[in-house]
Amino acid sequence: MLHAVIMAGGAGTRFWPRSTEAKPKQFLNIFGDRTMLQDTVDRIEKLIPAERVWVITNDRYVDLVKKQLPDVPAGNIVGEPVARNTAPCVAAAAALIQQKDQEGTMVVLPADHLISQPDTFISILETAEAKAADGKSLVTIGIKPDRPETGYGYIEFNSGKTETYKGREVKKVKQFREKPELPKAKEFVESGNFLWNSGMFIWRADAILKQFKKHLPNMYKEVEKLSPKVGTGGQQEAINEFYHNCTSISIDYGIMEQADTVYVVPGSFGWNDVGSWTAVYDLRDKDENGNVILAETAEVANAQNNLIQSESGKMIALVGVENLAVVETDKAILVCNLDEAQGVKTVVNKLRDNEDLKEYL
């Protein structure tokens, strides 16, 4: 059967001050009434019912996940005691799924991406599932680039042989490339052999565990210790021990860049990783002056191309400014140039380093 593994442990620092340590980005309703986590589960429900959805999150967010996803079994919501990046998350999820479904296939998804064409996305997942059914292929989803983008990693595919599953192309991955400088990004796009790395994966649980055994043998040994405890009263203690004994490494670096059975399904389905306030500005409707106003009371005068986001109901007025993000909560106010929105993470790091300011995180 097909299972979904939702990775929901991120800190969402680039969305401060709305995203906080108590309620990070994936638990916020940035686009509409549903939170990003809820949207992630909603869009796959035609393919994967709630009882086969697994959510891997930080310990402190387990109750929040249960509240936002009441249809997902409580036993499918797993709290990580420490952050160890995505490889341990995938390994633990594979062990949990195998205990219930020896031949189960995993769809691994971030909890905080936006997808505006869910039907197309489901079709791509079905293609990826069909390819992964061979029991050895590791499949990822690549986004067809519409511009040279320096904020995403890239997947280079072989331009030769192409396979077809369920009416869609599947290509052999040649290599993964880190986030490039602009000239290199232009080269990638012009070549036609590169896709954006979406961070979404599909494989059989047994297939990915074989790759852990080959490429991350120490982590695989920890999986072997965990597996017999899955489904028993000692499961949570075993999960805690597993995470504490694992090194911090991404699934991309630890497995995907090492394996030789990696394939990619190219697609375009209105994808955005919503990596900063700039993405919110780009994706929301604008007034005649290019302003995005997400506040109960706001006025602008001779102001263009700004984002106003407020929760408190306070009046916010912008005069004679452009290209700003103004984000107001009950505890903090952010004002930044939209072109520098990635730098919000720097402010968050400074708050973390100052004991007197941690209350604003």
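Up top you'll find the structure we're talking about.
Being a predicted model, the structure only gives us computed values, none of them experimental. (Residues numbered from 1 in each chain as written. Predicted model: local features only at pLDDT ≥ 70, side-chain atom pairs only at ≥ 80, totals over all residues. Heavy atoms only, no water.)

Asker: Explain the overall build of the chain to me, please; I cannot follow it from the model alone.
Answerer: Across its full length, the chain holds eleven helices and 17 strands. For 361 residues, the compact-globule estimate of 2.2 N^0.38 gives 21 Å, and the C-alpha radius of gyration of the chain, at 21 Å, lies within 12% of that figure. Within the chain, the fraction of its 361 residues that count as buried is 53%. When the accessible surface of the chain is totalled, it reaches about 16,500 Å², and 44% of it is carbon and sulfur. When the 42 positive and 51 negative side-chain charges of the chain are each reduced to one mean point, those points stand 6 Å apart. (Helix = DSSP H or I, 4+ residues; strand = E, 2+ residues; numbered from the N terminus. Rg over C-alpha atoms; globule rule 2.2 N^0.38 Å. Buried < 20%, exposed > 50% of the residue type's maximum accessible area, 1.4 Å probe, protein only. Areas by Shrake-Rupley, 256 points an atom, 1.4 Å probe, with all protein chains shown as cover. Lys, Arg positive; Asp, Glu negative; His and termini not counted. Charge placed at Lys NZ, Arg CZ, Asp CG, Glu CD.)

Asker: Explain the sheet that holds strand S14 (residues 307-310) here, please?
Answerer: By way of backbone hydrogen bonds, the strands of a sheet pair with one another, either parallel or antiparallel. As summarised here, the arrangement of the four strands in space is S12-S14-S16-S17, forming an open sheet in which the pairing is mixed. Where the open sheet ends on each side, the last strands, each with one partner, are strand S12 (292-294) and strand S17 (333-337). Direction aside, neighbouring strands of the sheet carry axes that sit 5° apart on average. As paired strands, S14 and strand S16 (residues 324-328) are joined by four bridges and run parallel to one another. When the bridges of S16 are listed, Gln-309 appears paired with Val-327. (Pairing = 2+ DSSP bridges. Axes fitted to C-alpha atoms, helices over the stretch in contact; angles between N-to-C directions.)

Asker: What exactly am I supposed to notice about the environment of Lys-46 here?
Answerer: Position of Lys-46 relative to the elements: it lies in the loop between helix H1 (36-42) and strand S2 (53-58). For Lys-46, a relative accessible area of 70% puts it in the exposed group. In the structure, Lys-46 is positioned 22 residues away from Pro-24 in sequence and 27 Å away in space, judged by C-alpha atoms. A distance of 3.0 Å separates polar atoms of two side chains, one belonging to Lys-46 and the other to Asp-119. (Polar contact = N/O pair within 3.5 Å; in protein donor to acceptor, adjacent residues only side chain to side chain.)

Asker: I'm lost on the nonpolar core in this one. Help?
Answerer: The nonpolar side chains of a soluble globular protein tend to be buried, and buried together. By size, the foremost hydrophobic cluster in this structure holds 48 residues, and its most contacted members are Met-106, Trp-203, Ile-208, Phe-212, Phe-242 and Ile-251. The element that contributes the greatest number of residues to this core is helix H3 (residues 86-100), accounting for ten residues. Listed in part, the 45 residues of the second largest apolar core include Leu-37, Ile-124, Ala-128 and Val-139. (Core = buried A, V, L, I, M, F, W, Y, C linked by side-chain atoms within 4.5 Å.)

Asker: I tried to follow the side chain of Glu-156 on my own but got confused; where do I start?
Answerer: For Glu-156, the position within the fold is in strand S7 (residues 154-165). Owing to a relative accessible area of 10%, Glu-156 belongs among the buried residues under this scheme. A polar atom in the side chain of Glu-156 sits 2.7 Å from the side chain of Gln-175.

Asker: Where do I start with the pattern of salt bridges in this structure?
Answerer: Two side chains of opposite charge can pair, provided their charged atoms sit close to one another. Applying the stated criterion across every chain, the model contains 17 salt bridges. As a salt-bridge pair, Arg-177 and Glu-156 come within 3.6 Å of each other at their nearest N and O atoms. Highlighted residues: Arg-177 in strand S8 (residues 168-177) and Glu-156 in strand S7, separated in sequence by 21 residues. The partly exposed category is assigned to Arg-177, whose relative accessible area is 26%. With its nearest N and O atoms 3.0 Å apart, the salt bridge here joins Lys-358 to Glu-355. Using a relative accessible area of 35% as the deciding quantity, one classes Lys-358 as partly exposed. Taken together, the shared-partner salt bridges in this structure form one network comprising Lys-131, Asp-134 and Glu-163. (Salt bridge = Lys/Arg side-chain N within 4 Å of Asp/Glu carboxyl O.)

Asker: Help me understand the packing of helix H7 (residues 217-226) against helix H8 (residues 235-245), please; the structure alone is not making it clear to me.
Answerer: Geometry of a packed helix pair, given as the angle between the helix axes and the separation of the axes. Where H7 contacts H8, the two axes come as close as 9 Å, and the packing angle between them is 170°. Taken together, the axes of H7 and H8 are roughly antiparallel relative to one another. Contact residues: H7 offers Met-219, Glu-222, Val-223 and Leu-226, while H8 offers Ala-238, Ile-239, Phe-242 and Asn-245. (Parallel < 35°, antiparallel > 145°, perpendicular 65-115°, else oblique. Contact = heavy atoms within 4.5 Å.)

Asker: Looking at this model, I keep getting lost on the packing of aromatic side chains. Mind explaining?
Answerer: Any aromatic ring pair is given by two values, namely how distant the centres are and how the planes are angled relative to each other. Per the counting criterion, the structure on display carries eleven aromatic pairs. For the ring pair Phe-15 and Trp-277, a centre distance of 4.9 Å and an interplane angle of 50° mean the geometry is tilted. Note that Phe-15 is positioned in the loop between strand S1 (2-8) and H1 and Trp-277 in helix H10 (residues 277-283), a separation of 262 residues in sequence. Of the two residues examined, Phe-15 and Trp-277, each falls in the buried class. Note on Tyr-154 and Phe-194: the rings are 6.5 Å apart at their centroids and 70° apart in plane angle, and the pair reads as edge-to-face. One end of the pair, Tyr-154, is in strand S7; the other, Phe-194, is in strand S9 (residues 194-204), with 40 residues separating them in the sequence. In this pair, the class of Tyr-154 matches that of Phe-194, namely buried. What links up through ring pairs into an aromatic cluster is the set Tyr-152, Trp-196 and Trp-271. Here the guanidinium or amino end of Lys-131 rests over the ring plane of Tyr-263, the centre of that ring lying 4.0 Å away. Lys-286 extends its terminal NZ or CZ atom over the ring of Tyr-281, reaching a point 4.7 Å from the ring centre. (Phe/Tyr/Trp six-rings, centres within 6.5 Å; stacked < 30°, edge-to-face > 60°. Lys NZ or Arg CZ within 6 Å of the ring centre and 35° of its normal.)

Asker: Mind showing me how you'd approach H7 here?
Answerer: An α-helical segment advances 3.6 residues per turn. Residues three or four places apart therefore align on the same side. Buried within H7 are the following residues: Met-219, Tyr-220, Glu-222, Val-223 and Leu-226. The arc that holds the buried residues of H7, viewed along the axis, is 155°, so those residues lie on one side. Tucked inside the fold, the buried residues of H7 contact H3, helix H6 (205-215) and H8. (Arc of directions from axis to C-beta.)

Asker: Mind showing me how you'd approach the pairing of S9 here?
Answerer: Walk down a regular strand and you will see the side chains alternate between the two sheet faces. Of all eleven residues in S9, eleven are buried, a share of seventy percent or more. Alignment of strand S4 (residues 105-110) against S9, held across four bridges, turns out to be antiparallel. The residue of S9 that forms the bridge with Val-107 is Ile-202. Pairing of strand S6 (residues 138-143) with S9, which is carried by four bridges, proceeds in the antiparallel orientation.

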